Every structure is written in structure tokens, then in C-alpha cells.
Amino acid sequence: KIEGQEIETKVSENFLSPTYSIEDLNENTLVEFEKLNSEAVELIQHYSKETKDIFNSKNLDEILEIWKIDTNENKVKFNKTVDLIGYAFGTDIANSLNCEWKILNDEYGKDFTVIHKKFKINCFPFSSVQKAIKENRIGSLNDIKLILKKNIQDAENGNEIEVRK
């Protein structure tokens, strides 16, 4: 239970590799993210009446559930939905939990991550959205946000969470 909310957790074995490295987003990615931002707003406004804090993880979870049952043949396709909601989710984490978008390199390859500015606490927003849809993980984006928030609070209170490079 975190912040009075029951959450279901699955242990991840994808801890940051000792050989990981982080890079800043390049100019092309920043331009692409600007485009994702405006398209994400459109998608969210299509499925939600929310007008404030529209990238909030709870709102995004609700939007995914509505999107899944939408039978309109013109609805946004799976990959595009993963990109748009993934971007919105990562932006919510970055804006609300003192995190930032980066590219993480490790032995598994390269992926976009949102990582805390001080601690080795991160998530993979695009992969999280993909799993939320494919594995029918209802409410999982908000669960991830709450777990990150708790881990950050624990780190700030002196628990043994490494400071990032």
C-alpha cells in the first residue's frame, strides 16, 4: 500500500547494469518529442474530459482502458498509442518526481528512460505502456509512478539506493 492505494507489484530483474551509461537526448529526439507532445495531447483529449494535468498517470491508465475497447476502425494504432501514451507517462514522471528523459545504454541495448536526477531510480515509459496494453495490466502506470515515488522517498531518507553516475 502506497499513499493509501493498493498496488500489485511484480519484481523486476532489470536493475541498472554496472556497465550502464546514460546519454542526453539529441536534437532530433527533442524535435520528435515536441511532435509527440502535441499528438499525445490530441489523443488524450479525444478519450478524456480531463483538462488539467492531462498527462497524469491515473488519467493515462483510464485512457488506455478506453482505447482498448474502442472499436472505431480509425482509432490510433497500437504502436502510435504506445509512443504517445509512453511519452505522456514519461513526461508525467519527469515533471512530478524530479526525473529527466535520457537514453540508457547497457548490455540489453539502448532505450529511452526517465531517471531520477540524483539516484539510480528509473523506469522505461514506452515499454511500460506496451506491457500495460499487451498484458492487460490495468492501472499499472499509476502503480509504477507510486513505486518510483516511494523509492525516491526511501533514497532521500537514507536507504541504500545508489547515487547515479
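Shown above is the structure to which this text applies.
Rules and cut-offs
- Sequence order sets the numbering: in each chain, residues are counted from 1 along the sequence as written.
- For a predicted model such as this one, the threshold for reporting local features is a pLDDT of at least 70, and the threshold for listing and counting side-chain atom pairs is 80 or more; totals across whole chains, interfaces and linings nevertheless cover every residue.
- Excluding hydrogens and water, the side-chain figures rest on all heavy atoms present in the structure.
- Here a helix means four or more residues in a row that DSSP labels H or I, a strand means two or more in a row labelled E, and each is numbered from the N terminus.
- To estimate the expected span of a helix, subtract one from its residue number and multiply by 1.5 Å.
- A simple rule labels every residue: compare its accessible area, found with a 1.4 Å probe on the protein chains alone, to the largest value its type can have, and call it buried under 20%, exposed over 50%, or partly exposed in between.
- Two strands pair under a simple rule: DSSP has to find at least two bridges between them.
- Side-chain rings of Phe, Tyr and Trp (the six-membered ring for Trp) are treated as a pair once their centres are within 6.5 Å; stacked means planes under 30 degrees apart, edge-to-face means over 60, and tilted covers the remaining angles.
- By the criterion adopted, a ring carries a charge over it if an Arg CZ or a Lys NZ lies within 6 Å of its centre and within 35 degrees of its normal.
- To count as a disulfide, a pair of cysteine sulfur atoms needs to be within 2.5 Å.
- Charged residues are defined here as Lys and Arg on the positive side and Asp and Glu on the negative side; His and the ends of the chain fall outside this count.
- In what follows, salt bridge is the name for a side-chain nitrogen of Lys or Arg lying within 4 Å of a carboxyl oxygen of Asp or Glu.
- Polar contact is the term for a pair of N or O atoms within 3.5 Å; when the atoms are in protein, one must be able to donate a hydrogen and the other to accept it, and sequence-neighboring residues count only if both atoms are side-chain atoms.
- The contact rule is simple, with two residues in contact once any of their heavy atoms fall within 4.5 Å.
- Structural elements are reduced to axes, namely lines fitted to C-alpha atoms, with helices fitted over the stretch in contact, and the angle between N-to-C directions of any two is expressed from 0 to 180 degrees.

Re helix α2 (residues 57–69)
Turning to step 1, where the next piece is worked out: The end-to-end C-alpha distance of α2, which contains 13 residues, comes to 19 Å, matching closely the 18 Å that a straight helix rising 1.5 Å per residue would cover.
Turning to step 2, where the next piece is worked out: Of all the positions in α2, only Ser57, Asn59, Leu60, Asp61, Ile63, Leu64 and Trp67 are classed as buried.

Structural notes on the pairing of strand β2 (residues 99–106)
Turning to step 1, where the next piece is worked out: Buried residues dominate β2, accounting for 7 of its 8 residues.
Turning to step 2, where the next piece is worked out: The pairing of strand β1 (residues 21–23) with β2 spans 3 bridges and is antiparallel. Bridging across to β2, glutamate 23 finds its partner in isoleucine 103.
Turning to step 3, where the next piece is worked out: As paired elements, β2 and strand β3 (residues 109–116) share 8 bridges and run antiparallel to each other. Of the residues in β3, the one forming a bridge with cysteine 99 is histidine 116.
Turning to step 4, where the next piece is worked out: Remark: 2 residues form the turn of the hairpin made by β2 and β3, two consecutive strands paired antiparallel.

So, the packing of aromatic side chains
Turning to step 1, where the next piece is worked out: Inspection of every chain in the model, using the stated rule, returns 9 aromatic pairs.
Turning to step 2, where the next piece is worked out: Connected via pairs of aromatic rings, a cluster forms that spans Phe33, Phe55, Tyr87, Trp101, Phe112 and Phe126.
Turning to step 3, where the next piece is worked out: When the ring centre of tryptophan 67 is taken as reference, the NZ or CZ atom of lysine 75 above it lies at 4.0 Å.

What about unusual backbone geometry?
Turning to step 1, where the next piece is worked out: Even without glycine at this site, aspartate 53 takes up a positive phi of about 50 degrees.
Turning to step 2, where the next piece is worked out: Assignment of secondary structure puts aspartate 53 in the loop between α1 (27–47) and α2.

Thoughts on the state of the cysteines
Turning to step 1, where the next piece is worked out: Within this structure, the stated rule accounts for 0 disulfides.
Turning to step 2, where the next piece is worked out: As a non-bridged cysteine, cysteine 99 has cysteine 123 as the owner of its nearest cysteine sulfur, 7.2 Å distant.
Turning to step 3, where the next piece is worked out: By relative accessible area, which is 6% here, cysteine 99 ends up buried.
Turning to step 4, where the next piece is worked out: Owing to a relative accessible area of 5%, cysteine 123 belongs among the buried residues under this scheme.

Some details on the side chain of lysine 75
Turning to step 1, where the next piece is worked out: Mapping lysine 75 onto the fold places it in the loop between α2 and α3 (78–96).
Turning to step 2, where the next piece is worked out: Buried lysine 75, no salt bridge; nearest opposite-charge side chain is aspartate 70, N-O distance 5.7 Å.
Turning to step 3, where the next piece is worked out: Within the structure, the side chain of lysine 75 is placed 2.7 Å from the backbone oxygen of tryptophan 67, a separation counted as a polar contact.
Turning to step 4, where the next piece is worked out: Ignoring any residue separated from it by four or fewer positions in sequence, one finds lysine 75 in contact with Tyr47, Trp67, Lys68 and Asp70.

Overview of the pattern of salt bridges
Turning to step 1, where the next piece is worked out: Going through the model one piece at a time under the given rule, you end up with 8 salt bridges.
Turning to step 2, where the next piece is worked out: Of the charged contacts in the structure, one is a salt bridge between glutamate 65 and lysine 68, with a shortest N-O distance of 2.9 Å. You can see glutamate 65 and its partner lysine 68 sitting in helix α2, 3 residues apart, about one turn around the helix.
Turning to step 3, where the next piece is worked out: Among the residues examined, glutamate 65 registers a relative accessible area of 25% and is labelled partly exposed.

As for the sheet that holds β3
Turning to step 1, where the next piece is worked out: Pairing within the open sheet is antiparallel, and its 4 strands lie in the order β1-β2-β3-β4. Each edge of the open sheet is held by one strand with a lone partner, namely β1 and β4 (122–123).
Turning to step 2, where the next piece is worked out: The sheet contacts of α3 involve β2, β3 and β4, and relative to β2 the element is tilted by about 115 degrees.
Turning to step 3, where the next piece is worked out: Across the sheet, helix α4 (residues 125–134) is in contact with β2, β3 and β4; its angle to β3 comes to roughly 100 degrees.

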